[in-house]
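Spelled out from the first residue to the last, the chains are:
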Amino acid sequence: MTEPYDDHARPPDELRSLLHDAVADVEPRPALDAVQARTKVTPMTSKRPWILAAAGAVVAVATTVGVVVAVTGDDPERTPVAAGPSDGPSDGPTDEAGDPDEPSPTDEATDGTGGRTVAVPVYYVGDQPAGPRLFREFHQMPDEDVDASQVAEALRAAVAGDPLDPDYRSGWPADTSVTGVTVDGLTARDTVWVDLSGTEDLRLRPSGMADDEATMAVQQLVYTAQGVLQTRHPVGFLVDGEPVGELLGVPVAPQAVAGDPMEVQGSVWIIDPQDGSEVGTTFTVEGRGAFFEANVSWELLRDGEVVDEGFTTAEEAMTLSPFSFEVTAEPGDYVLRVFEEDMSGGAEGSGSPEDTKRITVVE
Amino acid sequence: MTAADFSAGTTERWDPDEAVERLYATHYRGLVRLAVLLVRDQETAEEVVQDSFVAMHGRWRRLREPDKALAYLRQAVVNRSRSVLRHRGVESRHAPTLAIGSVAPDQVAERLRRTHVLDALQTLPRRQREVLVLRYYLDLDEASIAATLGISRGAVKSHASRGAAALRPLLENPHD
């Protein structure tokens, strides 16, 4: 606060000295204890600093055996335990323009009234010729002060399966719920604990669920948690409060880690526009994919008819890399399809990977 | 802060509790003073800053660096001050002047002068007050003010010049 002010319009020193003088006698009372009382979480089962805790409700935290977290402080509204999505997305600005991968204080600070929302990555399962794969969407959610709360919200969206794109789905049995999330440290070595509950025993593979479907369901949660936190934390799972070694029959002990993106993520992926978006008559499509020879093909369909098509190249071939292209279209409802031309001449026999988005072009 | 302070490793290793402790030690008083300039009342200002520290604690994982944390704290203080004023409502917007009965006579003039400045700030439109305080009290540059308030640099300029113009009478004759 003492750096010299080097702006061209150097302010009058009088104003600066008046403001400094006006508060020169302000000596706040010591408050570190008061702050610490409100940020302290007391673990019952571990001496590690369980710094963050969240659950759908305070009651749910209490039932989360093994990661019970007590939060001290006299004002329940100000404790770092999330009390659920009490503040829905509101009229606050939603700053879609900001890069959601790189949260900054600017696009995240709240005014204390809980009205802000942030774009949070949520992974869903979609089908590709090679089998089920993960696709990411950004969902607007209330901006949570506590990371674990933000993770819990994102995981609920992932599990509940309400993707923007109807081609995607949750890999989880209906009635699965995320009852709590705890993040037990700052570094990529520290574990994110996710507590799940369901009507069936979630440790077991439901009959009829394929192996890769179960794997993708687990990876959905690992990718989503890591996506929100922007760190590759291992993810540990509990079912009804008990740590589990398997989830849907997939080994997750001691913790699950993110699978190889080439094996887990969709190989063609439209990032923007998202499904259901309105776009201008000239719009840019961005995505990523792993393409043979980096060739990306696209089609714009109206009522099932191709009205425009083209191709571009991804930055690299055979690995997940970004692509973008520009489309111009008359106002109307369209389906945008991005796909890899089947260069194998059908040898794989399973069609080409694709991603589609419904978009509305407006003036 | 010297290199020795980082001997345990990089600041990324600070846990949230440590971040609160260190930033409190360095910046609590300054942030309360900032909030007093914005909300006038010291008790309210202390609450606003404490709330901001609690929020920063929950956000430390994404901030990680003291500079970013300080920027976040400033922004939280401005936003929460704004929210407090909104809730406080019109009636008490002109806060009672500071009690001066117990002040030694030679300090009365000083106290009056300070009260006068704080009162004058409260009469400004919110944005003008915020811009002036960030500029002249925190010495933030235009870009930082724009980022903190989420407004354009052009808006910072115009709020600053209008706010300064509104305060000019006070500057010229602060003892009135």
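Residues numbered from 1 in each chain as written. Chains lettered and ligands numbered in written order. Predicted model: local features only at pLDDT ≥ 70, side-chain atom pairs only at ≥ 80, totals over all residues.

Colleague: Help me understand the overall build of chain A, please; the structure alone is not making it clear to me.
Modeller: A count of helical and extended segments in chain A gives seven helices and 19 strands. The buried share of chain A, taken over its 363 residues, is 39%. Across chain A, the fraction of contacts at a sequence separation of at least 24, relative to all contacts at a separation of at least 6, is 66%. (Helix = DSSP H or I, 4+ residues; strand = E, 2+ residues; numbered from the N terminus. Buried ≥ 20, exposed ≤ 12 C-beta atoms within 10 Å, placed from the backbone. Contact = placed C-beta atoms within 7 Å.)

Colleague: I keep staring at the sheet that holds strand β17 (residues 321-328) of chain A and nothing clicks. Help me out?
Modeller: Pairing between sheet strands relies on hydrogen bonds along the backbone, with the strands arranged either parallel or antiparallel. All names here are of chain A. Pairing is antiparallel in the open sheet, where three strands are placed in the order β12-β14-β17. Single-partner strands in this sheet number two, and they are β12 (268-272) and β17. The sheet shows a mean angle of 30° between the axes of neighbouring strands, taken without regard to direction. Relative to β17, strand β14 (residues 282-289) runs antiparallel, the two being bridged by eight bridges. (Pairing = 2+ DSSP bridges. Axes fitted to C-alpha atoms, helices over the stretch in contact; angles between N-to-C directions.)

Colleague: Sorry if this is basic, but what is going on with the packing of helix α2 (residues 32-39) of chain A against helix α1 (residues 16-39) of chain B here?
Modeller: Helix packing geometry: the angle between the two helix axes and the distance between the axes. Between α2 of chain A and α1 of chain B, the least distance of the axes is 11 Å, while the angle of their chain directions is 160°. Considering their axes alone, α2 of chain A and α1 of chain B lie roughly antiparallel with respect to each other. Note on packing geometry: the crossing formed by α2 of chain A with α1 of chain B is right-handed. Counting all contacts with α2 of chain A, which are made through Leu32, Val35, Gln36 and Thr39 of chain A, the residues of α1 of chain B involved are Pro16, Asp17, Val20, Glu21 and Tyr24 of chain B. Along the lines of polarity and charge, the residues of the contact of α2 of chain A with α1 of chain B split into five nonpolar, two polar and two charged. (Parallel < 35°, antiparallel > 145°, perpendicular 65-115°, else oblique. Left-handed = near helix turned anticlockwise from the far one by under 90°. Nonpolar A, V, L, I, M, F, W, Y, C, P; charged D, E, K, R; others polar.)

Colleague: Explanation requested: the confidence of the model for chain B in the structure shown.
Modeller: The predicted coordinates ought not to be read in detail in places where the model reports low pLDDT. All names here are of chain B. Of the residues in chain B, 77% have a pLDDT of 70 or more, and the chain-wide mean is 79. Segment residues 1-9 is flagged for pLDDT under 50; beyond a separation of four residues in sequence, or across chains, it makes two contacts in the model. Overall, residues 90-101 carries pLDDT values under 50, and its contacts beyond four positions in sequence, including any with other chains, amount to 10 contacts. (pLDDT = per-residue confidence, 0-100.)

Colleague: Would you take a moment to explain helix α5 (residues 147-160) of chain A for this structure?
Modeller: Note on helix geometry: an α-helix contains 3.6 residues per turn, so any two residues three or four positions apart are oriented the same way. Residue and element names in this part refer to chain A. Along its 14 residues, α5 runs 20 Å from first to last C-alpha, staying within 8% of the 20 Å computed at 1.5 Å per residue. Among the 14 residues that make up α5, 13 are buried, leaving the element largely enclosed by the rest of the structure. Once α5 ends, the next one or two residues include Gly161, with phi positive near 70°. (Expected span 1.5 Å × (residues − 1).)

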